[in-house]
Amino acid sequence: DAMVIQNPRYQVTQFGKPVTLSCSQTLNHNVMYWYQQKSSQAPKLLFHYYDKDFNNEADTPDNFQSRRPNTSFCFLDIRSPGLGDAAMYLCATSRDNGGDKNIQYFGAGTRLSVL
Amino acid sequence: AQSVTQPDIHITVSEGASLELRCNYSYGATPYLFWYVQSPGQGLQLLLKYFSGDTLVQGIKGFEAEFKRSQSSFNLRKPSVHWSDAAEYFCAVGADSWVKLQFGAGTQVVVTP
């Protein structure tokens, strides 16, 4: 089945130690998104890639970076995680044409803990 | 700017009873409307969507939603809930020309025996 896969499902890191979360997709979608979701809150968009174009949200801290080396993969880098960065990180994909245009499909998420 | 309001933060419903979750949106043009469900520790799963056409849309897991332009609403309904429907439900608004979604704050549904 075509899908969005996030690895790892659970990640524990130390305060200030860089961490990378990964997302891959077999949907061949041209748009990929990273969201941060804290407990009992709506997902908050951090940034998205429209093809190779990176689009950062205005309130996303500089501590968060992203890479998209090819269509299938996208990475979220947290350069110096703080306690406040502990959250669920969700990856999503969509495409800008076709019958399911602009429908976002989500991965299962990575739960990040910061010690 | 788009906005979505889910007035109910938390709803408790008995198994077998009907469920209705409210969603109101603000958007100047024709919206794309979505309902997603999130089980604990999981990602978001699309329940249904409205782009155009018939204002009553059917989704997965026995859910339906009705788009009412005059009320700027897109309420989600299920005639008879199952214990497995306990989850967080998010309404979202998008647009044809906009790849991003605006999510509501979510409604937590608890199902009692």
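To be clear, the structure that these remarks concern was listed above.
Residues numbered from 1 in each chain as written. Chains lettered and ligands numbered in written order. Predicted model: local features only at pLDDT ≥ 70, side-chain atom pairs only at ≥ 80, totals over all residues. Heavy atoms only, no water.

Undergrad: What's the story with the overall build of chain A in this structure? I'm lost.
TA: If you tally the helices and strands in chain A, you get zero helices and 11 strands. Scanning chain A from its N terminus toward the C terminus, one meets helices and strands in the order β-β-β-β-β-β-β-β-β-β-β. Against the 2.2 N^0.38 benchmark of 13 Å for 115 residues, chain A shows a C-alpha radius of gyration of 14 Å, consistent with a compact globule. Dimensions of chain A, computed from the C-alpha atoms along their principal axes, are close to 45 × 30 × 30 Å. With 115 residues in all, chain A has 50% of them scored as buried. Sequence-distant contacts in chain A: of pairs separated by 6 or more residues, those separated by 24 or more amount to 56%. When the accessible area of chain A is evaluated, it comes to approximately 5,500 Å², of which 49% is carbon and sulfur surface. (Helix = DSSP H or I, 4+ residues; strand = E, 2+ residues; numbered from the N terminus. Rg over C-alpha atoms; globule rule 2.2 N^0.38 Å. Buried < 20%, exposed > 50% of the residue type's maximum accessible area, 1.4 Å probe, protein only. Contact = heavy atoms within 4.5 Å. Areas by Shrake-Rupley, 256 points an atom, 1.4 Å probe, with all protein chains shown as cover.)

Undergrad: I keep staring at the side chain of Glu-64 of chain B and nothing clicks. Help me out?
TA: Relative to the helices and strands, Glu-64 of chain B is located in strand β8 (residues 64-68). Of the polar contacts made by the side chain of Glu-64 of chain B, one reaches the side chain of Gln-58 of chain B; its length is 3.1 Å. (Polar contact = N/O pair within 3.5 Å; in protein donor to acceptor, adjacent residues only side chain to side chain.)

Undergrad: Which parts of the structure should I look at to understand the pairing of strand β8 (residues 73-78) of chain A?
TA: Both faces of the sheet carry side chains from a regular strand, because those side chains alternate between them. Residues and elements named next belong to chain A. In terms of residue burial, β8 counts as a mostly covered element, since five of its six residues are buried. Relative to β8, strand β3 (residues 19-25) runs antiparallel, the two sharing six bridges. Paired with Thr-20 across the bridge in β8 is Asp-77. As paired elements, strand β7 (residues 64-67) and β8 share four bridges and run antiparallel to each other. Counted as the bridge partner of Arg-67 is Phe-75 from β8. The hairpin formed by β7 and β8 contains five residues between the paired strands. (Pairing = 2+ DSSP bridges.)

Undergrad: Hey, could you run me through the environment of Gln-42 of chain B in this one?
TA: Mapped onto the fold, Gln-42 of chain B is located in the loop between β5 (32-38) and β6 (44-50). Residue Gln-42 of chain B is classed as partly exposed on the basis of its relative accessible area of 35%. When neighbours within four sequence positions are excluded, Gln-42 of chain B is seen to be in contact with Arg-9, Met-88 and Ala-108 of chain A.

Undergrad: Quick question: what am I supposed to make of the state of the cysteines here?
TA: Note on terminology: disulfide describes a covalent bond linking the sulfur atoms of two cysteines. Residue and element names in this part refer to chain A. Applying the stated criterion across every chain, the model contains two disulfides over all chains. Bridging Cys-23 to Cys-91, the disulfide has an S-S length of 2.0 Å. Across the disulfide from Cys-23 to Cys-91, rotation about the S-S bond amounts to roughly -75°, and the bridge is consequently left-handed. Placement of Cys-23 in strand β3 and of Cys-91 in strand β9 (residues 87-94) is noted, with a sequence separation of 68 residues between them. Assessed through its relative accessible area of 0%, Cys-91 is described here as buried. (Disulfide = S-S within 2.5 Å.)

Undergrad: What am I meant to see in the packing of aromatic side chains here?
TA: Two numbers describe a pair of aromatic rings. These are the distance of the centres and the angle of the planes. If you walk through the whole model with that rule in mind, you get 18 aromatic pairs over all chains. Residues Phe-47 of chain A and Phe-54 of chain A carry aromatic rings whose centres are separated by 5.2 Å and whose planes lie at 50° to one another, so their mutual orientation is tilted. For Phe-47 of chain A, a relative accessible area of 1% corresponds to the buried category. Aromatic ring contacts, followed pair by pair, group Tyr-33, Tyr-35 and Phe-106 of chain A together with Tyr-32, Phe-34, Tyr-36, Phe-51, Phe-90 and Phe-103 of chain B into a single cluster. (Phe/Tyr/Trp six-rings, centres within 6.5 Å; stacked < 30°, edge-to-face > 60°.)

Purely geometric numbers; function is a separate question.
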